[in-house]
Amino acid sequence: MEKTCKICAKPLKGRTDKIFCSAHCKNQYHKYVRYASKTAAIEINGYLKRNYAILWELLGTNKTQVKVYRNILEKKKFRFKYHTHFHINSSNKTFFYVYDLAWMEFSDDEILIVRKR
Ligand SMILES: [Zn+2]
């Protein structure tokens, strides 16, 4: 089967490991990749920032932990599926982190927010 350029679909000649027909198409491809990763990052970074701001606001400046009703977070449009990392503690509870703040499901309708130092 004849190989074609990944960008313009022209048939490829020469080396069999070629993916692009020209430097122009290769540059074009890298431009698309950069654009796609930048766009995805902007959207998700926005969700993370928003989540962080919500946790930070509920926690206040001096508290290291606070318990809130889940619907308070929902009302503020907290996106539960976006976090930076997670940790399962010795009691088998999962802490979802947004940078240095974390939350966990304390009960069916309560969320515990903690500041990790
Ligand atoms: Zn091409």
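To keep things clear, this report deals only with the structure shown in the data block. (Residues numbered from 1 in each chain as written. Predicted model: local features only at pLDDT ≥ 70, side-chain atom pairs only at ≥ 80, totals over all residues. Heavy atoms only, no water.)

**With respect to the sheet that holds strand β2 (residues 85-88)**
Judged by pairing direction, the sheet is antiparallel, and its five strands sit side by side in the order β1-β5-β4-β3-β2 without closing on themselves. Where the open sheet ends on each side, the last strands, each with one partner, are β1 (65-69) and β2. Within this sheet the neighbouring strands show an average axis-to-axis angle of 25°, counted without direction. Here four bridges tie β2 to strand β3 (residues 94-98), and the two strands are oriented antiparallel to one another. (Pairing = 2+ DSSP bridges. Helix = DSSP H or I, 4+ residues; strand = E, 2+ residues; numbered from the N terminus. Axes fitted to C-alpha atoms, helices over the stretch in contact; angles between N-to-C directions.)

**Quick notes on the coordination of the zinc ion**
Coordination sphere of the zinc ion, protein contribution only: Cys 5 (SG), Cys 8 (SG), Cys 21 (SG) and Cys 25 (SG), at 2.3 to 2.4 Å. Residue Cys 21 is classed as partly exposed on the basis of its relative accessible area, which comes to 25%. (Donors = N, O, S within 2.8 Å, 3.2 Å for Na, K, Ca; no water. Buried < 20%, exposed > 50% of the residue type's maximum accessible area, 1.4 Å probe, protein only.)

**Considering unusual backbone geometry**
Negative phi is the rule for most residues except glycine; trans is the rule for most peptide bonds. The backbone of Ala 9 sits at a positive phi, close to 70°, despite the residue not being glycine. By the secondary structure assignment, Ala 9 is in the segment before α1 (23-59). Of note in this structure, Lys 77 is not a glycine but carries a positive phi near 65°. Looking at the element boundaries, Lys 77 is found in the loop between α2 (70-75) and β2. The exposure class of Lys 77 is exposed, given its relative accessible area of 59%.

**Considering the environment of Val 114**
Tracing the backbone shows Val 114 in strand β5 (residues 110-115). The spacing of Val 114 and Lys 26 is 88 residues in sequence and 47 Å in space, taken between C-alpha atoms.

**Some remarks on the packing of aromatic side chains**
Tallied over the entire structure, the rule returns eight aromatic pairs. Aromatic side chains Phe 80 and Trp 103 sit 5.2 Å apart centroid to centroid with 85° between the ring planes, which places their arrangement in the edge-to-face category. Here Phe 80, found in the loop between α2 and β2, pairs with Trp 103, found in strand β4 (residues 101-105); they are 23 residues apart in sequence, far enough to count as distant. Neither residue differs from the other here; Phe 80 and Trp 103 are each classed as buried. Relative to Phe 96, the ring of Phe 86 has its centre 6.2 Å away and its plane inclined at 45°; by these criteria the two rings are tilted. One end of the pair, Phe 86, is in strand β2; the other, Phe 96, is in strand β3, with ten residues separating them in the sequence. (Phe/Tyr/Trp six-rings, centres within 6.5 Å; stacked < 30°, edge-to-face > 60°.)

**Re the pattern of salt bridges**
It is possible for side chains bearing opposite charge to pair when their charged atoms get close. Applying the stated criterion across every chain, the model contains three salt bridges. The partner of Glu 74 in a salt bridge is Arg 70, and the shortest N-O contact between them spans 3.3 Å. On the criterion of helical spacing, the pair formed by Glu 74 and Arg 70 is a turn pair, its members being four residues apart in helix α2. Exposure remark for Glu 74: the relative accessible area of 43% places this residue in the partly exposed category. For the salt bridge of Arg 70 with Glu 105, the shortest nitrogen-to-oxygen distance reads 2.8 Å. Linking Arg 70 in helix α2 with Glu 105 in strand β4, this pair joins segments that are 35 residues apart in sequence. Take Arg 70: its relative accessible area is 21%, and that puts it in the partly exposed class. According to the relative accessible area criterion, Glu 105 is partly exposed, its value standing at 44%. (Salt bridge = Lys/Arg side-chain N within 4 Å of Asp/Glu carboxyl O.)

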